Amino acid sequence: MARRVVVALLAPIAWAPPGVDPVRWRSALAEDVVDLLAMLNEVDTAVAVTSADRWLADEVIWPGTRVYEVPEPSPNAVFAALSAARTPFGTDPPPGAGPAGEPTSATNDGYEQVAVVAGDAPDLPGLTVGKLLRPLTSRPVALAPAEGGLPGLLGVAARLPVPSWLPPLDMDATVPATVRAAAPRPGDLAVTPSWHRLRGPADLARLDPALSGWEHTRSLLSGAGHSG
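In this report, the structure presented in the accompanying data block is examined. (Residues numbered from 1 in each chain as written. Predicted model: local features only at pLDDT ≥ 70, side-chain atom pairs only at ≥ 80, totals over all residues. Heavy atoms only, no water.)

### Quick notes on the overall build of the protein chain
And step 1. Helices and strands together make up the secondary structure of the protein chain, namely 7 helices and 7 strands.
And step 2. Each helix and strand of the protein chain, placed in order from N terminus to C terminus, yields the pattern β-α-β-α-β-α-β-α-β-β-α-β-α-α.
And step 3. Expressed as a percentage of the 228 residues in the protein chain, the buried residues total 48%.
And step 4. Residue pairs at least 24 apart in sequence account for 62% of intrachain contacts in the protein chain once pairs closer than 6 positions are excluded. (Helix = DSSP H or I, 4+ residues; strand = E, 2+ residues; numbered from the N terminus. Buried < 20%, exposed > 50% of the residue type's maximum accessible area, 1.4 Å probe, protein only. Contact = heavy atoms within 4.5 Å.)

Have a look at this one:
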């Protein structure tokens, strides 16, 4: 099986519910997403942040979770970081890395597939992440749109190295049609089931209290007098 990693992209947020501190809100969202990813089977998990947001990664990661510092909070920057670190296991590592075959350095990750998911989808089902990765067995790129009235992506998955035709992706603005238009063949892109992100007041109504998880977001909303 291909070595796969799912990366939570902890980008800045533009909205927080009234009465909720934006920093605490961002931290709660990130922690719930990271907790969800940590429970997935047959994939490694990581987070990506800019250097200015390294504090957030350090606050929410589990022990052993890899952190990728990227120059900008975009899927393309994450893909570039993973591609630069892509050295197959069993080969001799460069100077300063650990012994061959050990993932002790960012120069010896060896991932063949990567999925990048938004850091503001705290109740994201693990099954939805699995469906984002599944098409990579036959297609180079897969996108999961964000639900709701706003454009943007919930997540994007790709084989490494990513195809040269992949355009710059903006998690808050890109739509699948734009990416499909850039592909040599329409079938090179798979569109997988969508899920909601928390980017505005209407998104709160999409939270399902019956779903397990999202404890940190749930607690913060309850304390501020909001209900899911």
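### Focus: the pattern of salt bridges
And step 1. All told, the structure shown has 10 salt bridges when counted by the stated rule.
And step 2. Between Arg 54 and Asp 58 there is a salt bridge; the shortest N-O distance is 3.0 Å. One end of the pair, Arg 54, and the other, Asp 58, are both in helix 2 (residues 54–60), 4 residues apart, so they sit about a helical turn from each other.
And step 3. Classification of Asp 58 as partly exposed rests on a relative accessible area of 45%.
And step 4. The shortest N-O distance in the salt bridge between Asp 120 and Arg 197 comes to 2.7 Å. Highlighted residues: Asp 120 in the loop between strand 4 (113–118) and helix 4 (126–133) and Arg 197 in the loop between strand 7 (189–191) and helix 6 (201–204), separated in sequence by 77 residues. Neither residue differs from the other here; Asp 120 and Arg 197 are each classed as buried. (Salt bridge = Lys/Arg side-chain N within 4 Å of Asp/Glu carboxyl O.)

### Let's talk about the pairing of strand 2 (residues 44–49)
And step 1. Bridging between strand 1 (residues 4–9) and strand 2 involves 5 bridges; their strand directions are parallel. The partner of Val 7 across the bridge, within strand 2, is Ala 46.
And step 2. In terms of handedness, the path from strand 1 via helix 1 (residues 22–38) over to strand 2 forms a crossover that is right-handed.
And step 3. The pairing of strand 2 with strand 3 (residues 66–69) spans 4 bridges and is parallel. Along strand 3, the bridge assignment pairs Val 47 with Val 67.
And step 4. Handedness of the strand 2-helix 2-strand 3 crossover: right-handed. (Pairing = 2+ DSSP bridges. Right-handed = clockwise from strand over helix to strand, strands pointing away.)

### Comments concerning the nonpolar core
And step 1. If you look at the biggest cluster of nonpolar residues, it comprises 30 residues, and the most contacted ones within it are Val 6, Leu 10 and Leu 37.
And step 2. When residues of this core are traced back to their parent elements, those giving at least two are strand 1, helix 1, strand 2, helix 2, strand 4, helix 4, strand 5 (141–145) and strand 6 (153–159).
And step 3. With 5 residues, the single largest contributor to this core is helix 1.
And step 4. The residues contacting Leu 37, other than those within four sequence positions of it, are Val 6, Val 7, Ala 8, Thr 45, Val 117 and Val 129. (Core = buried A, V, L, I, M, F, W, Y, C linked by side-chain atoms within 4.5 Å.)

### Observations regarding the packing of aromatic side chains
And step 1. Under the definition given, this model contains 1 aromatic pair.
And step 2. Measuring from ring centre to ring centre gives 6.1 Å for Trp 15 and Trp 25, while their planes differ by 90°; the resulting arrangement is edge-to-face. Here the residue Trp 15 occupies a position in the loop between strand 1 and helix 1, and Trp 25 occupies one in helix 1, the gap between them amounting to 10 residues. Each of the two residues, Trp 15 as well as Trp 25, counts as buried.
And step 3. For the cation-ring pair, Arg 218 lies above Trp 214, with the distance from its terminal atom to the ring centre recorded as 4.0 Å. (Phe/Tyr/Trp six-rings, centres within 6.5 Å; stacked < 30°, edge-to-face > 60°. Lys NZ or Arg CZ within 6 Å of the ring centre and 35° of its normal.)

### A word on helix 4
And step 1. For helix 4, the complete set of buried residues consists of Thr 128, Val 129, Leu 132 and Leu 133. The buried residues of helix 4 occupy one face: seen down the axis, they fall within an arc of 140°.
And step 2. Taken together, the buried residues of helix 4 touch strand 1, helix 1, strand 4, strand 5 and strand 6. (Arc of directions from axis to C-beta.)

### Details of helix 7 (residues 215–223)
And step 1. The complete set of buried residues in helix 7 reads Thr 217, Leu 220 and Leu 221. Down the axis of helix 7, the buried side of the element spans an arc of 95°, and every buried residue falls inside it. Relative to its buried face, helix 7 has exposed residues pointing more than 90 degrees away, namely Ser 219, Ser 222 and Gly 223.
And step 2. Elements in contact with the buried residues of helix 7: helix 1 and helix 6.

### Things to note about the sheet that holds strand 2
And step 1. Strands sit in the order 3-2-1-4-6-5-7 across an open sheet of 7 strands; the sheet is mixed. In this open sheet, the two edge strands, each paired with only one partner strand, are strand 3 and strand 7. Across the sheet, the mean angle from the axis of one strand to that of its neighbour is 20°, orientation sign disregarded.
And step 2. Of the strand pairs in this sheet, strand 5 and strand 6 are connected by 5 bridges, and their pairing is antiparallel. Bridge pairing in strand 6 links Pro 145 to Leu 153.
And step 3. Helix 3 (residues 75–84) rests against strand 1, strand 2, strand 3, strand 4 and strand 6 of the sheet, and its axis sits at about 150° to strand 4. (Axes fitted to C-alpha atoms, helices over the stretch in contact; angles between N-to-C directions.)

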